[in-house]
Amino acid sequence: MVIPVLPEPSEQQASLHPHARLDVRVTGGIVRGVQEGDVLAWRGIPFAAPPVGTLRFRAPGPVPAWPGFRDASTFGNVAPQVYKGQFRGTDPKVPSGEDCLSINVQRPAAPRRKRLAMPVMVFIHGGGYSTGGSLDFSGQGTDFVRSGRVIYVSFNYRLGALGYLDFSHYSTSERPFDSNLGLHDQVAALEWVRDNIRVFGGNPHNVTILGESAGANAVLTLMTTPAARGLFARAIAQSPPADAAYPGEQTAAWAAEFVGELRRVVSRPTTDRPAFSPIGRSIRPAPTGGAPAADDALRARPRAPGPLSLLRNAIPRSAAPPIRVAAPAQEHQAAVRWESTEREDDVRGQTAASVAGGLTPGLAARLTAAELLTTASATDLTLAALALQVRTPDSTPGTFCLAPVVDGEFLPERPLNAFRSGRAHAVPLIIGTNDREGSIFRGRADVLPRTPGRIRALFQQAPAPSREAMREAYPGLPITRAAADFGGDYAFWYPSVTVADRHSRHAPVHVYRFDNAPRLVHLLGLDATHGIELYALFSPENTRVARTMTSLGGRKPFTHAGERMRRHWLRFACTGSVDGSWPGYDEHDRLTLIIDDVDRIESDPRGDRRRAWQAFRPGL
């Protein structure tokens, strides 16, 4: 294999041309980055055509060329999202929009002594496939870059209804709809890395993909996506909801339910809708006389939260569990068909103008599902998706409606089946979860099967002989603590163990469990919950949440745990292996690294629970 050479200008060239190291030619044209201390950064680089207009709900197209230099000093738009919905979205002041397909590259500013190209780490953000963006601290990865050992890449992809609902059965020859749009975006971003990372000094043959929560689900899904083969050499999945990919019948039912909800949203008089922007939170019902301006929604800030609220809102989280229950009824197709050609022409003549100004209630009732989807505003699409998200945990317990679809083409089979059969890409994998994944999912984030009704539904579907062992594994179920652990293990831990078991037959696997948490987090009953390891791994000590978490002690051991974790991640990204103190995983010993104040190795931790789940979910 030929190792590409780092394109490093001489010191004389750099002094004569101050932008020599910052002006880089990529697909589409030249981008000009910035130097920020010991880091060079290029941000907001388009990696695909803007998915707007006729490209809405289509797979990403090629990047349009631009003339001259393109400023790459700031992040691109985040995908449309709710600031304070099921999960906390990106700050309302951050620009958002459907034109969100951009990528960021960071590398050390210091020239390397060895002129070999650098390993590349590509981070995929989480957020339940409904919130988040590459400008989050985890997407910036500054500590990884400052190690001097890697180039760090992050990117934005489509979220919510625009990226993770499957409308393909509404396709027509005139207006196709593609499935798995967010997954298509992720593959397009990795193809961009393959084609362009050399000019930043990176090695396209030494790429590690990593992600947390929904981002970790994306990592595992990419490992089973044929189009992603060869685009990465290894993978890291932190707290993945590994079973969150659903058959077309289920996703079609969700799409039909969404269309019905969207029709209700756009049919409401403007004065009856909440003041909302795609990234702003719901503020208040609009006063009589019209809704407040979008700028008001963007500027609106939440009230000062208390410690528990602050931690629950800020710890990154996503939930995406498994198993299929009865699907909602399909929207009656005849209700949206045209009654006459004359009516069709009349409505189509109005839709172009309606995109910018919003659909009127009368027009919305006359549109087919396809016309409604292509003309509704991003705000209305986001509101309707939120309504669907809120209903799903009770209507279909153990599932999450925003997730990849097993479409038989781009994602040909359920990822867990691909891991079982050995058809996943045979790359080395680090995978793990946190001690108590489910404890954070309270209040508006209550999406896991942790309520009595949801737990009862899952027990009814499980084989009768398995139920008593499951009750013994979670004493007191469905009381709050036992229910939280049951829901977290259902969604995150047991599916991750299943992936580790199956992939270890075909490629090297290392498994961890993150147990460390500062004192305040323990006192709040959260412990090492979903997403907390990001605050150790990426060490944003100066953020409000990090200061609050460690305000009662535990900062030093928490920070040191993150440093050890980061060293493992860096060694893995650079060499494909980890430190000798962390043994490989197999189905016989199940050796697992427990990351705590003092790290340790355990064999088959919580084996009684694992055996209970094997009997409870034999079809996983």
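Novice: So what about the overall build of the chain? Which residues, and what values?
Specialist: A count of helices and strands for the chain gives 22 helices and 16 strands. When the 620 residues of the chain are sorted by exposure, 59% land in the buried category. A separation threshold of at least 6 residues defines the contact pool for the chain, and within that pool the share at least 24 residues apart is 78%. Taken as a whole, the chain presents about 23,400 Å² of accessible surface, with 52% of it coming from carbon and sulfur.

Novice: Which residues make up the sheet that holds strand 2 (residues 29–32), and what values go with them?
Specialist: Within the open sheet, the three strands sit side by side as 1-2-5. Their pairing is mixed. The two strands at the open ends of the sheet, each matched to only one other strand, are strand 1 (23–26) and strand 5 (69–71). Strand-to-strand twist of the sheet, defined as the mean angle between neighbouring strand axes without regard to direction, takes the value 35°. Taken together, the three bridges between strand 2 and strand 5 define a ladder with parallel strand orientation. Residue pairing in the sheet places Val31 in a bridge with Arg70 of strand 5.

Novice: So what about the side chain of Glu261? Which residues, and what values?
Specialist: Its place among the elements puts Glu261 in helix 7 (residues 248–267). For Glu261, the contacting residues outside a window of four places in its chain are Arg268, Ala384, Ala387 and Arg391.

Novice: Residue-level account of empty space enclosed by the protein, with values.
Specialist: Applying the stated criterion to the full structure yields six cavities of 30 Å³ or more. Each pocket or cavity is described by its volume, and for the largest cavity that value is around 170 Å³. If you trace the largest cavity, you find 17 residues lining it, with Trp493, Val497, Val511, Thr592 and Pro605 closest to the centre. Of all the secondary-structure elements, those providing two or more residues to the lining of the largest cavity are strand 13 (429–434), helix 17 (480–503) and strand 14 (509–514). Residue contributions to the lining of the largest cavity peak at four residues, all from helix 17. Its residues placed into classes, the lining of the largest cavity shows eight nonpolar, four polar and five charged. Space inside the second largest cavity adds up to approximately 140 Å³. Per-element tally for the lining of the second largest cavity: the top contributor is helix 13 (residues 378–395), with five residues. When grouped by side-chain class, the residues that make up the lining of the second largest cavity number ten nonpolar, eight polar and no charged.

Novice: Break down the sheet that holds strand 15 (residues 591–595) for me, with residues and values.
Specialist: In a beta sheet, neighbouring strands are held together by backbone hydrogen bonds and run either parallel or antiparallel to one another. In space, the eleven strands of this open sheet follow the order 3-4-6-8-7-9-10-13-14-15-16, with mixed pairing throughout. Single-partner strands in this sheet number two, and they are strand 3 (34–36) and strand 16 (600–603). Looking at each pair of strands side by side, their axes are set apart by 25° on average, direction ignored. Where helix 6 (residues 214–222) meets the sheet, its contacts fall on strand 7 (118–124), strand 9 (202–212), strand 10 (234–238) and strand 13, and the angle it forms with strand 9 comes to roughly 130°. Across the sheet, helix 21 (residues 555–575) lies against strand 7, strand 9, strand 10, strand 13, strand 14 and strand 15, angled at about 155° from strand 10, the strand it touches most.

Novice: Lay out the nonpolar core with the relevant residues and their values.
Specialist: Judged by nonpolar contacts, the single largest core of 166 residues is most densely connected at Phe167 and Phe258. With eleven residues, helix 17 is the single largest residue contributor to this core. Setting aside residues up to four positions removed in sequence, Phe258 forms contacts with Ala161, Leu165, Phe167, Leu373, Leu381, Ala384, Ala385 and Leu388.

Novice: So what's going on with the packing of aromatic side chains? Which residues, and what values?
Specialist: One pair of aromatic rings is described through two measures. These are the centre distance and the angle between the planes. As enumerated under the stated definition, the model contains 33 aromatic pairs in all. Seen in terms of ring centroids, Tyr152 and Phe538 are 6.5 Å apart; in terms of plane orientation they differ by 80°. Their pairing is edge-to-face. Of this pair, Tyr152 sits in strand 8 (residues 151–155) while Phe538 sits in the loop between helix 19 (533–537) and helix 20 (544–549), placing them 386 residues apart in sequence. We classify Tyr152 as buried; its relative accessible area is 1%. Phe538 sits in the buried class, given a relative accessible area of 8%. In textbook terms, an aromatic cluster arises when at least three aromatic residues are bridged by ring pairs, as seen for Phe459, Tyr474, Phe486, Tyr490, Tyr494, Trp613 and Phe616. Looking at Arg32, its charged tip hangs above the ring of Phe69, at a distance of 4.2 Å from the centre.

Novice: Break down helix 6 for me, with residues and values.
Specialist: In terms of burial, helix 6 is largely enclosed, as nine of its nine residues are buried. Every buried residue of helix 6 is listed here: Ala214, Gly215, Ala216, Asn217, Ala218, Val219, Leu220, Thr221 and Leu222.

Novice: Tell me about a positive patch on the surface, and please be specific about residues and values.
Specialist: On the surface, a cluster of positive charge is contributed by Lys84, Arg88, Arg444, Arg544, Arg547 and Arg555. Among the secondary structure elements, Arg547 is positioned in helix 20. On the accessibility criterion, Arg547 (42% relative accessible area) is partly exposed.

Novice: Help me get a handle on the environment of Arg481, residues and values and all.
Specialist: Along the chain, Arg481 falls in helix 17. With 42 residues separating them along the chain, Arg481 and Ser439 place their C-alpha atoms 7.5 Å apart. When near neighbours in sequence (up to four residues on either side) are disregarded, Arg481 contacts Arg436 and Asp527.

Novice: Break down helix 13 for me, citing the residues and quoting the values.
Specialist: A rise of 1.5 Å per residue sets the reference length of helix 13, with its 18 residues, at 26 Å; its end C-alpha atoms lie 25 Å apart and thus fit the reference within 8%. For helix 13, the tally of buried residues reaches 14 of 18 residues, placing the bulk of the element in the interior.

Calculation criteria
- Residues numbered from 1 in each chain as written.
- Predicted model: local features only at pLDDT ≥ 70, side-chain atom pairs only at ≥ 80, totals over all residues.
- Heavy atoms only, no water.
- Helix = DSSP H or I, 4+ residues; strand = E, 2+ residues; numbered from the N terminus.
- Buried < 20%, exposed > 50% of the residue type's maximum accessible area, 1.4 Å probe, protein only.
- Contact = heavy atoms within 4.5 Å.
- Areas by Shrake-Rupley, 256 points an atom, 1.4 Å probe, with all protein chains shown as cover.
- Pairing = 2+ DSSP bridges.
- Axes fitted to C-alpha atoms, helices over the stretch in contact; angles between N-to-C directions.
- 1 Å grid on protein atoms, 1.4 Å probe; cavity = no way out; pocket = protein on both sides within 12 Å on 5 of 7 lines; lining within 4 Å.
- Points joined across faces, edges and corners; volume = space filled by probe spheres on them.
- Nonpolar A, V, L, I, M, F, W, Y, C, P; charged D, E, K, R; others polar.
- Core = buried A, V, L, I, M, F, W, Y, C linked by side-chain atoms within 4.5 Å.
- Phe/Tyr/Trp six-rings, centres within 6.5 Å; stacked < 30°, edge-to-face > 60°.
- Lys NZ or Arg CZ within 6 Å of the ring centre and 35° of its normal.
- Patch = residues over 30% accessible without salt bridge, like charges linked within 9 Å, V, L, I, M, F, W, Y side chains within 5 Å.
- Salt bridge = Lys/Arg side-chain N within 4 Å of Asp/Glu carboxyl O.
- Lys, Arg positive; Asp, Glu negative; His and termini not counted.
- Charge placed at Lys NZ, Arg CZ, Asp CG, Glu CD.
- Expected span 1.5 Å × (residues − 1).

So, to be careful, I would describe these as geometric facts and stop short of saying anything about function.
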